[in-house]
Amino acid sequence: NYHTAMMGKWHIGAKAPTKGWFSPPPNSIHIESSTVLMDKQFNWTETLHGGAQDIGFDSSLISTGGIQEGPYSFFRDGKVQGLSNTTIWRTGSYQMPRGTSMIPSEGDGASDWDSTAYNMIIVNETARFLDDHELNRKDDPFFAYVALGAVHIPHSPPVSFLDGSPVAGEYPSGQMDMIGEIDKVVGSLVQELEDRK
């Protein structure tokens, strides 16, 4: 059997877990409220319905709207991460450890959300999956679906990549910087595979 994982933008629909008395629009986490994680109609101790875990992925770390819309949080195996540290993000730019994170539309999410770090988080999660695969299922084939946040808006490249090489300001626009970051991401993922030969 294949060992499978999905990391990154899950933008094909999902349904928020409800408390039983509320029924959101079918196949959607998107409701009129920009505070979906704080909304008492939803039971976030339960898993997201229609996420990667529901279609056969063994593990996942996803965001339902990539870097461009809330909720600005990751879901690990369908469970929202950092729910106790949820905040309301207003539209704007925020200085974060990796660079200038951008929130294009108001919404709630993890208080440490950083659009500039998104792709690096995905690289690290993929490496974690590969480590787990080697340790626990090395005789099985694997499939890793890696969906980056780049180069969708907001164009918020990190100051530097995981290896310390510069990203932001290397090209004439943030969008081009993010394309440059994609090259670094792909190079990192290929290196992760090469290192395990």
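Our subject is the structure that appears above.
Residues numbered from 1 in each chain as written. Predicted model: local features only at pLDDT ≥ 70, side-chain atom pairs only at ≥ 80, totals over all residues. Heavy atoms only, no water.

*Asks:* Would you mind going over the packing of helix 1 (residues 118–136) against helix 2 (residues 174–194) in detail, with residue names and values included?
*Replies:* The geometry of helix 1 relative to helix 2 is characterised by a closest axis approach of 10 Å and an angle of 10 degrees between their N-to-C directions. Here helix 1 is positioned roughly parallel relative to helix 2, judged by the angle of their axes. Along its contact with helix 1, which presents N119, M120, V123, T126, A127 and L130, the element helix 2 presents E181, V185, S188, L189, E192 and L193. Across the contact of helix 1 with helix 2, the residue classes tally to seven nonpolar, three polar and two charged. (Axes fitted to C-alpha atoms, helices over the stretch in contact; angles between N-to-C directions. Helix = DSSP H or I, 4+ residues; strand = E, 2+ residues; numbered from the N terminus. Parallel < 35°, antiparallel > 145°, perpendicular 65-115°, else oblique. Contact = heavy atoms within 4.5 Å. Nonpolar A, V, L, I, M, F, W, Y, C, P; charged D, E, K, R; others polar.)

*Asks:* Hey, could you go over the side chain of S73 for me, with residue numbers and the actual values?
*Replies:* Along the chain, S73 turns up in the loop between strand 2 (59–63) and strand 3 (75–76). Residue class for S73 comes out buried when judged on its relative accessible area of 1%. At a separation of 2.9 Å, a polar atom in the side chain of S73 contacts the main-chain amide nitrogen of A110. Discounting residues that sit within four places of it in the chain, S73 has contacts with L37, I62, S63, V80, Q81, G109, A110 and W113. (Buried < 20%, exposed > 50% of the residue type's maximum accessible area, 1.4 Å probe, protein only. Polar contact = N/O pair within 3.5 Å; in protein donor to acceptor, adjacent residues only side chain to side chain.)

*Asks:* Talk me through unusual backbone geometry; I want residue IDs and the actual numbers.
*Replies:* Note that the residue after G70, namely P71, is joined by a cis bond; omega there is 0 degrees. As for its position among the elements, P71 is in the loop between strand 2 and strand 3. The linkage connecting I153 with the following residue, P154, adopts the cis geometry, with an omega of 0 degrees. Mapped onto the fold, P154 is located in the loop between strand 9 (142–147) and helix 2. Positive phi is not limited to glycine here, since D77 has a value of about 50 degrees. Relative to the helices and strands, D77 is located in the loop between strand 3 and strand 4 (79–80). Overall, D77 belongs to the partly exposed group, its relative accessible area being 33%.

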